[in-house]
Amino acid sequence: GENVEQHPSTLSVQEGDSAVIKCTYSDSASNYFPWYKQELGKRPQLIIDIRSNVGEKKDQRIAVTLNKTAKHFSLHITETQPEDSAVYFCAPSSGGSYIPTFGRGTSLIVHP
Amino acid sequence: NAGVTQTPKFQVLKTGQSMTLQCAQDMNHNSMYWYRQDPGMGLRLIYYSASEGTTDKGEVPNGYNVSRLNKREFSLRLESAAPSQTSVYFCASNPVSGANVLTFGAGSRLTVL
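In this text, all values refer to a predicted model and were calculated from it rather than measured experimentally.

> Quick question: what am I supposed to make of the nonpolar core here?
Within soluble globular proteins, side chains that are nonpolar generally end up buried alongside one another. Formed by 22 residues in total, the largest nonpolar core has its most connected members in Trp 35, Phe 73, Leu 75, Ile 77, Tyr 88 and Leu 108 of chain A. Elements with a minimum of two residues in this core: β2 (10–14), β3 (19–25), β4 (30–38), β5 (45–51), β7 (62–67), β8 (72–77), β9 (86–90) and β11 (106–111) of chain A. A total of 4 residues in this core trace back to one element, the largest contributor, which is β3 of chain A. Grouped together as the second largest cluster of nonpolar side chains are 20 residues, Ile 46, Tyr 64, Phe 74 and Leu 110 of chain B included.

Encoded structure:
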């Protein structure tokens, strides 16, 4: 099955700094690359995703970049705010599978 | 449109007791999933149902059973609860329309004493 790793496991930044979380995967057939955000005590929710035919996607302060050759994709958050504090999960999958494989999560802490 | 609804939100069991976690979605999604979440372990798949009438084991199925009652409902049963099953359980659904976009329920916190 797919092997997914996220780095770092914990990321601490000051408000206003940028944050980058990287997800590496093993299945070359993967073609869908989402990021989920889980606030403390809440459910995971999709915040941004990208398909394999696109290299980068932006939505206000967040962006996702994809490097299919190297089999990794990254979440970029600019101008971080305290409300960005959460655990972020990547969950790549291929079109032929119903099962996304979740990374172990990255805990982002934004200090005011 | 409630999305994915899980019950109960909290439950305390004694070792050996049984219980069923209920999950229903009103989005006409084809696939449904049960995950457990433990500190530092991310989301681990227990069972999934690719479509109505089918169920398959995930990464950690031991000690659990599931039923896809109809397209809307997917239940998770613990026949004889063990302390190792203390966890937060999430149900999720997926329309499976070219991308695996999961919508999660609010979670069920289970404690087994």
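Read on, since the account is not over.
> Before we go on, may I ask you to explain the packing of aromatic side chains in this structure?
Scanning all chains against the criterion turns up 14 aromatic pairs over all chains. Ring geometry for Phe 89 of chain A against Phe 102 of chain A: centres 6.4 Å apart, planes inclined by 80 degrees, an arrangement best described as edge-to-face. With Phe 89 of chain A in strand β9 and Phe 102 of chain A in the loop between β10 (93–94) and β11, the pair connects residues that are 13 residues apart, well separated along the chain. Note on accessibility: Phe 89 of chain A and Phe 102 of chain A belong to one class, buried. Seen in terms of ring centroids, Phe 90 of chain B and Phe 104 of chain B are 6.2 Å apart; in terms of plane orientation they differ by 90 degrees. Their pairing is edge-to-face. Of the two residues, Phe 90 of chain B sits in strand β9 (residues 87–94) while Phe 104 of chain B sits in strand β10 (residues 103–104), which places them 14 residues apart along the sequence. With respect to class, Phe 90 of chain B is no different from Phe 104 of chain B; both count as buried.

> Before we go on, may I ask you to explain the side chain of Ser 87 of chain B in this structure?
In this fold, Ser 87 of chain B is placed in strand β9. The residues contacting Ser 87 of chain B, other than those within four sequence positions of it, are Arg 36, Gln 37, Asp 38, Ser 108, Arg 109 and Leu 110 of chain B.

> I would appreciate a short explanation of the sheet that holds strand β1 (residues 4–7) of chain B in the present structure.
Each strand in a sheet pairs with another by means of backbone hydrogen bonds, the pair being arranged parallel or else antiparallel. Residue and element names in this part refer to chain B. Pairing is antiparallel across the open sheet formed by 4 strands, whose spatial order is β1-β3-β8-β7. On the outer flanks of this sheet lie β1 and β7 (64–68), each paired with one strand and no other. Each strand of the sheet is rotated relative to its neighbour by a mean of 15 degrees, with strand direction disregarded. Relative to strand β8 (residues 74–78), β7 runs antiparallel, the two being bridged by 5 bridges. Each bridged residue has a counterpart across the sheet, and for Ser 67 the counterpart in β8 is Ser 75.

Reading guide: rules and limits
- Residues numbered from 1 in each chain as written.
- Chains lettered and ligands numbered in written order.
- Predicted model: local features only at pLDDT ≥ 70, side-chain atom pairs only at ≥ 80, totals over all residues.
- Heavy atoms only, no water.
- Core = buried A, V, L, I, M, F, W, Y, C linked by side-chain atoms within 4.5 Å.
- Buried < 20%, exposed > 50% of the residue type's maximum accessible area, 1.4 Å probe, protein only.
- Helix = DSSP H or I, 4+ residues; strand = E, 2+ residues; numbered from the N terminus.
- Phe/Tyr/Trp six-rings, centres within 6.5 Å; stacked < 30°, edge-to-face > 60°.
- Contact = heavy atoms within 4.5 Å.
- Pairing = 2+ DSSP bridges.
- Axes fitted to C-alpha atoms, helices over the stretch in contact; angles between N-to-C directions.

Function cannot be inferred from these measures alone, as they are strictly geometric.
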